[in-house]
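If you want the building blocks of each chain, they are given just below.
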Amino acid sequence: MKLRPAFHVNGFLVLLAWLVLTLVFGGAAAVGYVAAAKDGNTPALIAAIAATVVVVALALSATGLVVVDPNEAKVVQFFGRYIGSVSEPGFFSVVPLTDRKSISLRVRNFETQKLKVNDADGNPVEIAAVVVYRVVDSFKAAFSVDDYEEYVETQSEAAVRHLATTHPYDAHDAGRTSLRDGAEVAEELTVELRDRTEMAGIEVLEARITHLAYAPEIAQAMLVRQQAAQVVAARTHIVEGAVGMVGLALDRLTQQGVVELDEERRAAMVSNLLVVLCGDRATQPVVNAGTLYS
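An unreviewed UniProt entry annotates the protein as SPFH domain-containing protein of Nocardia xishanensis.

What follows is the structure, encoded as structure tokens:
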């Protein structure tokens, strides 16, 4: 069984017709009962009973009046059987004696709790995400799962846990996606949640990580590790620049004939320049008042 529109007509027209017919047949029933009681008129009594039956039927038909709010759907059941859904906003009349269940079609968001899981490298991390979703199939939302809101919450936490266990907090290898790669991780989480919630008639619009941190017991150690990695990266960049500057200086000195150095003095100059350029403290210059080889 799948989603289908339920039979419905304009409620105002039905209400107007109901009032008119109720007054007409109600009055006819009253007149018939009075005539039958006064004169013992059997035809009048039969007509009054028939009018009464019509009034009762009209009263039952009034049970089909329903109001549908914007961004809402009414799932209509007739004695347990699904007969359709009404998703147009307004005042309508559906099949009488039916049960109507309201399903909100508004966009909703849900934020998971901070979950403590081990990432792909086995490090304990705290992670949470926000999920933006809406109902697109009121039939599935009403009958495929017990409670679609609780279903979305449970599946969201399961998807976040799975995401955390398949990616590391930090990617130390090139080409490896980490939990800190926001766009890639968000897209992966959104796709997984769409697959998980499709059977409940839910469309996941977006899912993003809102909290990501190492667990408190290893946070300090990981902070030291990150700082060390940054220091190494900075030093690597400095050394690469210093080597380029030293090579440029030696080439310019040679091209312009400023000075000619043998291999030993050339190595000494390279060493001194590297110390000056790569050092993390200001250097003190030493003036050589003698010869180059003294």
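Now that the structure has been shown, the text picks up again.
A. Examining the sheet that holds strand β5 (residues 90-93) more closely. Overall, antiparallel pairing links the three strands, which are arranged β1-β5-β2 in an open sheet. Only two strands of the sheet have a single partner each, and these edge strands are β1 (9-10) and β2 (65-68). Pairing analysis gives four bridges linking β2 to β5, with the strands arranged antiparallel. Bridge pairing in β5 links leucine 65 to serine 93.

B. The arrangement of the packing of aromatic side chains in detail. Here the structure, examined in full by the defined rule, presents six aromatic pairs. Taken together, a centroid distance of 4.7 Å and an interplanar angle of 90 degrees make the contact between phenylalanine 78 and phenylalanine 79 edge-to-face. On the accessibility criterion, phenylalanine 78 (34% relative accessible area) is partly exposed. Its relative accessible area of 68% is what places phenylalanine 79 among the exposed residues. Look at phenylalanine 139 and phenylalanine 143: their rings are 5.3 Å apart centre to centre, the planes differ by 50 degrees, and that puts the pair in the tilted class. Here the residue phenylalanine 139 and the residue phenylalanine 143 both occupy positions in helix α3 (residues 138-143), the gap between them amounting to four residues, near one helical turn. Here phenylalanine 139 falls in the buried class, since its relative accessible area comes to 11%. Under the relative-accessibility criterion, phenylalanine 143 is labelled partly exposed at 35%.

C. Focus on the UniProt feature "transmembrane region" (unreviewed entry) in the protein. Under the local residue numbering, the UniProt record ascribes the feature "transmembrane region" (unreviewed entry) to residues 46-68. Structurally, residues 46-68 is divided into 70% helix and 17% strand, and its ends, taken at the C-alpha atoms, are 40 Å apart.

Reading the values: the criteria
- Residue indices follow the written sequence of each chain, beginning from 1 at its first position.
- Restriction of local features to residues with pLDDT of at least 70 applies here, the model being predicted, together with a cutoff of 80 or more for giving and counting side-chain atom pairs; totals for whole chains, interfaces and linings are based on all residues.
- The side-chain values count all of the structure's non-hydrogen atoms but skip hydrogen atoms and water molecules.
- Two strands qualify as a pair provided DSSP detects at least 2 bridges between them.
- Helix and strand assignments follow DSSP, with helices taken as H or I runs no shorter than four residues and strands as E runs no shorter than two, numbered in order from the N terminus.
- Stacked, edge-to-face and tilted labels apply to pairs of Phe, Tyr and Trp rings (six-membered ring for Trp) whose centres lie within 6.5 Å, assigned for plane angles under 30 degrees, over 60, and everything in between, in that order.
- Relative accessible area decides the class of each residue, using a 1.4 Å probe on protein chains only: under 20% of the type maximum gives buried, over 50% gives exposed, and in between gives partly exposed.
- UniProt positions are given in the numbering used here, feature names are shortened, and annotations may be inferred rather than shown by experiment.

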